[in-house]
Amino acid sequence: MKTPSDRRYRETHEWFLLEGDIVTIGLTAHAADELTDITYVDLPEVGKTVAIDEVVAEVESVKATAEIYTGVAGQIVEVNTALVDNPELINDDAFNDGWLLKIRADSPTALDDLMSAKAYEKHIS
Amino acid sequence: MSSIASRPAADITKKETATVTVPVSGRPVKGIESASSSQAMSKKPRLQQRDHPVLFELGAPGLSGVSLPPSEVPSVDRAKTIPAELLASELPALPEIGELDVVRHYKRLAHRCFSIDENFYPLGSCTMKYNPRVNERVAALPGFAHLHPYQRESDVQGMLELLYRLRCDLAEIAGLAEVSLQPAAGAHGEMTGLMIIGAYHRHRNEPRKKILVPDTAHGTNPASCATCDRSAMTVRSRPDGRVDLDDLRSKVDTDTAAMMITNPNTVGVFDEGIGDIADILHKAGALLYLDGANMNAILGITRPGDFGVDVMHYNTHKTFSTPHGGGGPGAGPVAVAEKLRPFLPVPQVIKRDDGTFGWDENRPSTIGKVRSFYGQIGVLVRAYAYIRSLGCDGLRDVSEKAVLAANYLAARLGERFTLPIPGPYAHEFITVPIAGDSGVTENDVAKRLLDHGIHPPTMSWPIQHCLMIEPTETESLATLDGFVDAMIEIADEIEHDPEVLRTAPHMTPVKRVDEVAANRRPNVRWRAE
């Protein structure tokens, strides 16, 4: 499984892709595989302000529930509403169509503290 | 997420078994071949294996279970008394069926249900022990069963004395100062305990918001924090399952209200660092909350109050043999240390100086009432019957046997399954199937156990790919050995016949269900054709 090198990772298996000051957050393919079939996604409200390392969403599978943490502080500007009816998008394409939410980051440099793709691959091996 | 699969969805094991019912017999089966040959002999599937219609499909128009006498009330024209727009255009589709067929319908369904009365139920973290029949006899005594909560105190002295004695016994077992019997379940006890903790800090003008929770905690712990407007912060565990004290120290601060801990914890070991944990919290002005889910391992051996706990809840259905109802009723008594007594819920059952019993409302700093009337009285009577029938030595014996049974199973299973956390264990342990490249998952093992007449253990929690096994003290050596035999047979199947596992169960009325579809597109409504 390829871990995209254009983004950062948290040890709790979220990925963070920075474009301008917008950070897109998703769950890694490794995490989606471990959770098995995802059946439900609980997304936050757009406009909500969040702190760093806060739980912003929940992903539920037939096996377990996983909490999604922010890697940056900021405001939620968009959530992936396609997941409401098709949560399996996370299983099918975790790094692209399965994205969860977008945050306008107060300070995008906070992402520098997170893991690179290489470090994350080591973390899960 | 704190760690993958660290917390179960609502309740994994229940989800797992909701659509799966009883195996045909309690005897272990040897495999599909023997199953199909025995079916071939009898031609038809055994009664319990047959598909069963819903009540609406039984009966016929005009059939009825009752015959009413002629009405003495004059009938009225409903069109003249009820506005037309409120009248239904057709009658509701209710089943028409005779009484005996209704009885048979529900009896058949009951026989398909899995219960501790019929089969082994090693459901880790849930303590599925036998519910002694004497509890039921006692709870059914008219003096207990036929009371009304509005009766005068003088009429219900016997019940009040029982509740008073029970709360004193539970305080003694906890090593704490006083107990409230009001909470109606374990999670309700957690909420009550957190409210008491909140009241304590408020009383000291310290608005502490943070609750620490180990990553091995039950999912109810952070949920209770959220319910009580507190934020839960995860504390890491070491590889041996104990709390990482350095991580704890780095997270305790002046905003920390308490830590919620389960000890013995959910990976099956007693955390010997509990004294240090209590010290770290107390020095920072925080309190230690114990989730009493695993009290079955320590009754009469150690007491939470003696290892630094300030407040805890019991689950009477786990520890004191009250039935695990289908979602209730439960009871989750809360025990507190001396300094938290002023905040306990009211009314509290008391013994007055003249020797009579009554309800005390006079507790100015109380958090108030957390349950209508006085709690789940019928459940509490059963818990009291259990405690009194065993006595001090008997309760200690319960825990010693529960611990012995768990360690015996771990020792025997350790040859064929991975034991990720080293023992010795408390009353439960986690084990991981050695799947190799067979593709067999813990889910397949759990399903296959159904074919052996054994309830699946708790799965995939608190660590990935695991089965959490808790035999309890009420199983005989023969039953424990039978379970090991079944597990070893399954370990053989992983190596030689994984397909039989991937398609299990084979002997239940409902075979492998599509859990993904059941979760994503649940269809639980019956409609007339």
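Computed from a predicted structure; not experimentally measured.

Each value, and the rule that gives it
Residues numbered from 1 in each chain as written. Chains lettered and ligands numbered in written order. Predicted model: local features only at pLDDT ≥ 70, side-chain atom pairs only at ≥ 80, totals over all residues. Heavy atoms only, no water. Helix = DSSP H or I, 4+ residues; strand = E, 2+ residues; numbered from the N terminus. Buried < 20%, exposed > 50% of the residue type's maximum accessible area, 1.4 Å probe, protein only. Contact = heavy atoms within 4.5 Å. Areas by Shrake-Rupley, 256 points an atom, 1.4 Å probe, with all protein chains shown as cover. 1 Å grid on protein atoms, 1.4 Å probe; cavity = no way out; pocket = protein on both sides within 12 Å on 5 of 7 lines; lining within 4 Å. Points joined across faces, edges and corners; volume = space filled by probe spheres on them. Nonpolar A, V, L, I, M, F, W, Y, C, P; charged D, E, K, R; others polar. Core = buried A, V, L, I, M, F, W, Y, C linked by side-chain atoms within 4.5 Å. Pairing = 2+ DSSP bridges. Right-handed = clockwise from strand over helix to strand, strands pointing away. Salt bridge = Lys/Arg side-chain N within 4 Å of Asp/Glu carboxyl O. Axes fitted to C-alpha atoms, helices over the stretch in contact; angles between N-to-C directions. Parallel < 35°, antiparallel > 145°, perpendicular 65-115°, else oblique. Left-handed = near helix turned anticlockwise from the far one by under 90°. Domains from an automatic or database assignment. Buried area = accessible area lost by both parts, 1.4 Å probe. Polar contact = N/O pair within 3.5 Å; in protein donor to acceptor, adjacent residues only side chain to side chain. Phe/Tyr/Trp six-rings, centres within 6.5 Å; stacked < 30°, edge-to-face > 60°.

A. View of the overall build of chain B. When its secondary structure is counted, chain B shows 17 helices and 13 strands. Sorting the 529 residues of chain B into buried and exposed places 50% on the buried side. In chain B, the proportion of contacts linking residues at least 24 apart, taken out of those at least 6 apart, comes to 72%. If you sum the accessible surface of chain B, you get close to 25,100 Å²; carbon and sulfur atoms cover 55% of it.

B. Inspection of empty space enclosed by the protein at higher detail. Residue and element names in this part refer to chain B. Inspection of every chain in the model, using the stated rule, returns 2 cavities of 30 Å³ or more. If you add up the space inside the largest cavity, you get close to 80 Å³. Residue lining of the largest cavity: Leu163, Ser180, Leu181, Gln182, Pro345, Pro347, Gln348, Val349, Trp359 and Tyr374, and that is the complete set. Each residue belonging to the lining of the largest cavity can be placed in one class, and the counts come to 7 nonpolar, 3 polar and no charged. Computed from the structure, the second largest cavity encloses a volume of approximately 60 Å³. Forming the walls of the second largest cavity are Pro214, Thr216, Ala217, Val243, Ile261, Thr262, Asn265, Thr266 and Asp271. Broken down by class, the residue content of the lining of the second largest cavity amounts to 4 nonpolar, 4 polar and 1 charged.

C. Summary view of the nonpolar core. Residues and elements named next belong to chain B. Grouped together as the largest cluster of nonpolar side chains are 55 residues, with contacts concentrated most on Leu248, Met259, Ile277, Leu288, Met312 and Phe320. Those elements that provide at least two residues to this core are helix H7 (157-174), helix H10 (245-251), strand S4 (256-262), helix H11 (274-283), strand S5 (287-291), strand S9 (357-360) and helix H13 (377-413). Isoleucine 277 has contacts with Val243, Leu245, Leu248, Met259, Ile261, Asp271 and Leu288, leaving out every residue within four places of it along the chain. Core analysis: the next-biggest nonpolar cluster, separate from the first, contains 35 residues, Ala406, Leu409, Leu413 and Leu480 among them.

D. Summary view of the pairing of strand S2 (residues 210-214) of chain B. All names here are of chain B. When you tally the buried positions in S2, you get 5 out of 5 residues, the bulk of the element. Two strands pair when backbone bridges link them, and S2 and strand S3 (residues 231-235) are joined in this way by 5 bridges, in the parallel orientation. From the neighbouring strand, leucine 212 faces S3, where its bridge partner is methionine 233. In this region the chain leaves S2, passes through helix H9 (residues 220-227) and returns to the parallel neighbour S3; the handedness of that crossover is right-handed. Pairing of S2 with S4, which is carried by 3 bridges, proceeds in the parallel orientation. Its bridge partner being in S4, lysine 210 is matched across the sheet by threonine 256.

E. A look at the pattern of salt bridges. Residue and element names in this part refer to chain B. Scanning the entire structure with this criterion turns up 37 salt bridges over all chains. For arginine 242, the salt bridge is made with glutamate 272, and the minimal N-O distance between the two is 2.9 Å. One end of the pair, arginine 242, is in the loop between S3 and H10; the other, glutamate 272, is in the loop between S4 and H11, and 30 residues separate them in sequence. For aspartate 397, the salt bridge identified is with lysine 401, shortest N-O distance 3.0 Å. Placement of the pair is aspartate 397 and lysine 401 together in helix H13, with a separation of 4 residues, close to one helical turn. With a relative accessible area of 41%, lysine 401 lands in the partly exposed category.

F. Structural context of the environment of Val510(B). Positionally, Val510(B) belongs in the loop between helix H16 (498-502) and helix H17 (515-520). In this structure the C-alpha to C-alpha distance between Val510(B) and Asp51(B), which are 459 residues apart in sequence, comes to 8.3 Å.

G. Structural detail: the environment of Arg412(B). Residue and element names in this part refer to chain B. Mapped onto the secondary structure, arginine 412 falls in helix H13. Between the C-alpha atoms of arginine 412 and valine 484, which are 72 residues apart in sequence, the distance is 7.0 Å. Among all residues touching arginine 412, those that are not within four sequence positions of it are Asp481, Val484 and Asp485.

H. Representation of the packing of helix H14 (residues 442-451) of chain B against helix H15 (residues 477-496) of chain B. Residue and element names in this part refer to chain B. One way to put it is that H14 packs onto H15 with a least axis distance of 10 Å and a crossing angle of 130°. Taken together, the axis directions place H14 and H15 in an arrangement best described as oblique. When you trace H14 past H15, the crossing you get is right-handed. The residues of H15 that touch H14, namely those facing Val445, Arg448 and Leu449, are Phe483, Ala486, Met487, Ile490, Glu493 and Ile494. Among the residues forming the contact of H14 with H15, the class breakdown is 7 nonpolar, no polar and 2 charged.

I. Examining the domain arrangement of chain B more closely. Residues and elements named next belong to chain B. One can read the domain layout of chain B as domain 1 (3-49 + 391-514) and domain 2 (147-375). Contacts between the two partners involve 22 residues from domain 1, matched on the other side by 27 residues from domain 2. Here domain 1 meets domain 2 over a buried area of about 1,800 Å², counting both sides, of which 59% is carbon and sulfur. At the junction of domain 1 with domain 2, the criterion picks out 0 salt bridges. The interface formed by domain 1 and domain 2 contains 8 residue pairs in polar contact (both at pLDDT 80 or more). At the level of secondary structure, the elements contributing two or more residues to the side of domain 1 that touches domain 2 comprise H13 and strand S11 (429-433). No other element matches the 7 residues that H13 contributes to the side of domain 1 that touches domain 2. Among the residues making up the side of domain 1 that touches domain 2, the classes are represented as 14 nonpolar, 3 polar and 5 charged.

J. Molecular detail of the packing of aromatic side chains. Tallying each qualifying case throughout the model produces 14 aromatic pairs over all chains. The interplanar angle of 50° and the centroid separation of 5.6 Å between the aromatic rings of Tyr164(B) and Phe357(B) together place this pair among those described as tilted. Here Tyr164(B) is found in helix H7, whereas its partner Phe357(B) is found in strand S9, with 193 residues between them in sequence. Here Tyr164(B) falls in the partly exposed class, since its relative accessible area comes to 21%. Judged by relative accessible area, which is 6%, Phe357(B) ranks as buried. A network of ring pairs unites the aromatic residues Tyr9(A), Trp15(A), Phe95(A) and Tyr120(A) as a single cluster.

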